Amino acid sequence: MRTIFSFILASLVVAFLAPMAIEMKFTIIPFGIFIWTLIVVLILVPVTAFPIYKFITKSCGYSLNTVLKSSVISTYLVSFFFVFPSGLDSSIINGKVLVENGSITLIGYGYSFLQLFLFSIVGLVAGIVFYVSKIELKKAKELG
């Protein structure tokens, strides 16, 4: 039960921070975008994050290091499919040509790798929230 609750808390963090990683700036996120992101994250967590978490913690043991590795890896893998523009004839964001004539430009690759880095930070923060919440829930159970 603690693991499920911790995954839900970490999913809330990802749903809050992922749109900022996409926009590449700290900004106020509209409630509708937050809810939509949360739905997508809650669908993807059981398919991606949970198996990666189970595999890494089973093979390397449970620690802050393994939790952070699993959260960064799962966030990175999922975001990889959303970050690189594909199937576009052209894409221009903030005056930067990311895709031209169906091919990703060098600026487009740089932009995409920066977004992947930001998503890795989102995964890192989510992993910290997951780890701390699981420890605090364990302490509360032992006290109560």
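The rules we used
Residues numbered from 1 in each chain as written. Predicted model: local features only at pLDDT ≥ 70, side-chain atom pairs only at ≥ 80, totals over all residues. Heavy atoms only, no water. Helix = DSSP H or I, 4+ residues; strand = E, 2+ residues; numbered from the N terminus. Buried < 20%, exposed > 50% of the residue type's maximum accessible area, 1.4 Å probe, protein only. Polar contact = N/O pair within 3.5 Å; in protein donor to acceptor, adjacent residues only side chain to side chain. Contact = heavy atoms within 4.5 Å. Pairing = 2+ DSSP bridges. Axes fitted to C-alpha atoms, helices over the stretch in contact; angles between N-to-C directions.

Draft legend 1. Looking closely at the side chain of Thr66. Here Thr66 shows up in helix α3 (residues 64-83). Accessibility expressed as a relative area gives 4% for Thr66, which makes it buried. From its side chain, Thr66 meets the backbone nitrogen of Ser63 in a polar contact 2.9 Å long. Those residues in contact with Thr66 that sit more than four places away from it in its chain are Ile56, Thr57, Cys60 and Gly61.

Draft legend 2. A look at the sheet that holds strand β3 (residues 103-104). The three strands are arranged β1-β2-β3 in an open sheet whose pairing can be described as antiparallel. Each end of this open sheet is capped by a strand with a single partner; those strands are β1 (90-93) and β3. Judged from the four bridges that link them, β1 and strand β2 (residues 96-100) form a sheet pairing that is antiparallel. Residue Ser90 lies in a different strand from β2, and its bridge partner there is Glu100. Of the strands in this sheet, β1, β2 and β3 touch helix α4 (residues 106-143), which is tilted by about 105 degrees from β2.

Don't take any of this as a statement about function, it's just geometry.
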